[in-house]
Amino acid sequence: MFAGTARRQLKPGGLACLARSFSSTAATRADFTHVVIGGGVVGLAIARALACHQPSGTSATSTLLLERHPQVGTETSSRNSEVIHAGLYYGPDSLKTRLCVSGRQALYAFCARHGVPHRRTGKWVVAQDAEQREALERIHALCRDEIGVPTRFVGAREAREREPAVRAEAGVLESPETGIVDSHALMAALHGLFEDAGGVAALNSTVVRIEPLRSAASPTSAPGSRGWALTVRDSSTGEESRVTADALVNSAGLGAADIHNMIVPPERRARLYYAKGNYFSYGASAPKVRRLVYPVTAPGAGGLGTHLTLDLAGRMRFGPDVEWVESPADLSVSAARLPAAVAEIRKYLPAIDAGALGPDYAGVRPKLRPAGAVATGGSGSGGKSGFVDFYVRREDGYDGWVNLLGIESPGLTSCLAIGDLVRDMLHGSGRIEGSGPL
C-alpha cells in the first residue's frame, strides 16, 4: 500500500543533522514547526493531521514525530481489543463521547479509502437481571435522545435464533455501528501518509529533557512563547541531540505523565495508574458467535468487563480483565486470572469450553484515576461511579503546548478526531475547547 513511500531512517547523530536541515520557522529559527512525542495510533494521527495542515499565506510547516521504541505502535495501540466503538458508555457531554462518535465515522471512511482491513460486526450488550436491564435502558435512552448513536433492543426469540449460544436472561441491546479494525494496518497507513506529507518519524528517540523557551527581551512572556527545546537520546547508542520546535504535543501514552512532569512545577505534576488487561485465546470450534458480546459494566470498574471479541478471521478471544500493576512494562499474561475470566465468560456464554482457553497477550491502559470506564450504562449508581474523561488540553500558562493524558479506550476509535482536535487547538481561528484542568 505504501511501498512507494521512502522511509527516512535516522542513523545515530542523524536527528541533529536533520533538524538543522529543516530550520523551518523564520520567527524563532526553530528546527520544526511541530514536535509530537509518542508514535502510537493517536500520536500518528496527530502527526499526520499537523503535517497535512498548510496555513494559507505561510511558509511550509514541518512535523517531527518522536518514538522511543524501534517501531511505532508497540504499546497500548497494538495490545487492545481492536474494537471500533460506537460511543455508548461515556455520557452526553464528555470529550470521550464527542471524539468517539466523530472518530468512528471518520475511521470507517478512512479504512475504506485506504484499504485498512475492518468489519462492521455489530455488538450485543447483554443483561442477566433487572438491575442490568435498567443499565441497558439508560444506554439506549442516551443513544436515542442525546448523542444520536443507533441502538435497538433484540427480542428474546430473535436473540435465540441469531446467537443460540449467548445467554441474556434480561435483554440484549444491539449496537450495529460497533466494529473491528486491524490496528497494525491502520498505524501503517497513518505512518505512510504522515511521511508522504513530509513528516519525519525518529524512532529509538527517547525525550529526556524539555525546556520551554521565552523571549529574554520580554521576561513576562509565557514559557513556550519562543518555542520548545528538547533533548533526545538515541535509545540504541545513548547519543543525545537537541531539537527545537514552535509547538509541542505530548501524546506519549504510557509515558505521558513523565513528559508532563518534565515541564510543569512540582505542584502540577501528574500520575498515571496502569490497568493491565489480560486476553485469552479460544481454540475450540464451538460455541460459535458471529458478533461482539459485552456484559453490562460493573459500577466503578476500570474496564468494560471481560467481553467476547472477534479478529478479522472470525476467531473468538476474551478480555480484557483489569489488573492494577505498578509498571507499564508488566506485559506478561497472568494465567492465574484465567479461572476468574472463565466465571465471567460463562455468565453470557455458558457452553464455553474452559480447556480451550489459554493465555494470549496483555496490554496496559494509562488512567488518571484507578477506576471510571463508563459514565452511562454501568449497573448501579446510575453508571456514574468515578468516570474519568480524556485529558486533551492546550496547557494553561504555556504557549504552544497541547497535552494529552489518560488516552485509553476509546482512543483507537477516536484517533482521527483527536488528530483534528489537536490541529485545531494549535491552528484554529478561535479557542478550541478541550478538557478542563487537572
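Computed from a prediction, not measured in an experiment: that's the story for all the values here.

Rules behind the numbers
- Residues numbered from 1 in each chain as written.
- Predicted model: local features only at pLDDT ≥ 70, side-chain atom pairs only at ≥ 80, totals over all residues.
- Heavy atoms only, no water.
- Core = buried A, V, L, I, M, F, W, Y, C linked by side-chain atoms within 4.5 Å.
- Buried < 20%, exposed > 50% of the residue type's maximum accessible area, 1.4 Å probe, protein only.
- Helix = DSSP H or I, 4+ residues; strand = E, 2+ residues; numbered from the N terminus.
- Contact = heavy atoms within 4.5 Å.
- Pairing = 2+ DSSP bridges.
- Salt bridge = Lys/Arg side-chain N within 4 Å of Asp/Glu carboxyl O.

K.L.:
When you look at the nonpolar core in this model, what are you seeing that I'm missing?
P.N.:
The biggest cluster of nonpolar side chains holds 49 residues, and the ones touching the most others in it are L88, Y89, L308, F318, Y348, L349 and L357. For this core, the element with the most residues is helix α4 (residues 130–147), which contributes six residues. Those residues in contact with L357 that sit more than four places away from it in its chain are F280, S281, Y282, F318, L338, V342, I345 and I352. Within the second largest apolar cluster, 44 residues are counted, among which are V36, L404, I407 and I418.

K.L.:
What is the right way to read the pairing of strand β19 (residues 391–394) from this model?
P.N.:
Two faces, one strand: in a regular strand the side chains alternate between the faces of the sheet. Here four bridges tie β19 to strand β20 (residues 401–405), and the two strands are oriented antiparallel to one another. The partner of V392 across the bridge, within β20, is L404. Hairpin connection between β19 and β20: a loop of six residues separates the two successive antiparallel strands, and G397 in this loop has a positive phi of roughly 85°.

K.L.:
Looking at this structure, I do not really get the pattern of salt bridges. What am I missing?
P.N.:
Two side chains bearing opposite charge may form a pair once their charged atoms approach each other closely. A full pass over the atoms with the stated rule returns 27 salt bridges. Between D330 and K276 there is a salt bridge, with the nearest N and O atoms lying 3.0 Å from each other. Highlighted residues: D330 in the loop between β17 (323–325) and α8 (338–346) and K276 in strand β13 (residues 273–282), separated in sequence by 54 residues. For K276, a relative accessible area of 1% translates into the label buried. The salt bridge partner of R423 is D420, with a shortest N-O separation of 3.2 Å.

K.L.:
Just checking my understanding: could you explain the sheet that holds strand β3 (residues 83–84) for this structure?
P.N.:
Backbone hydrogen bonds hold the strands of a sheet together, and the pairing may be parallel or antiparallel. Taken in spatial order, the three strands make up an open sheet running β3-β8-β4, and their pairing is antiparallel. The strands lining the two open edges of the sheet, one partner per strand, are β3 and β4 (118–119). Here β4 pairs with strand β8 (residues 179–181) via two bridges, running antiparallel. What sits directly across from R119, in β8, is I180.

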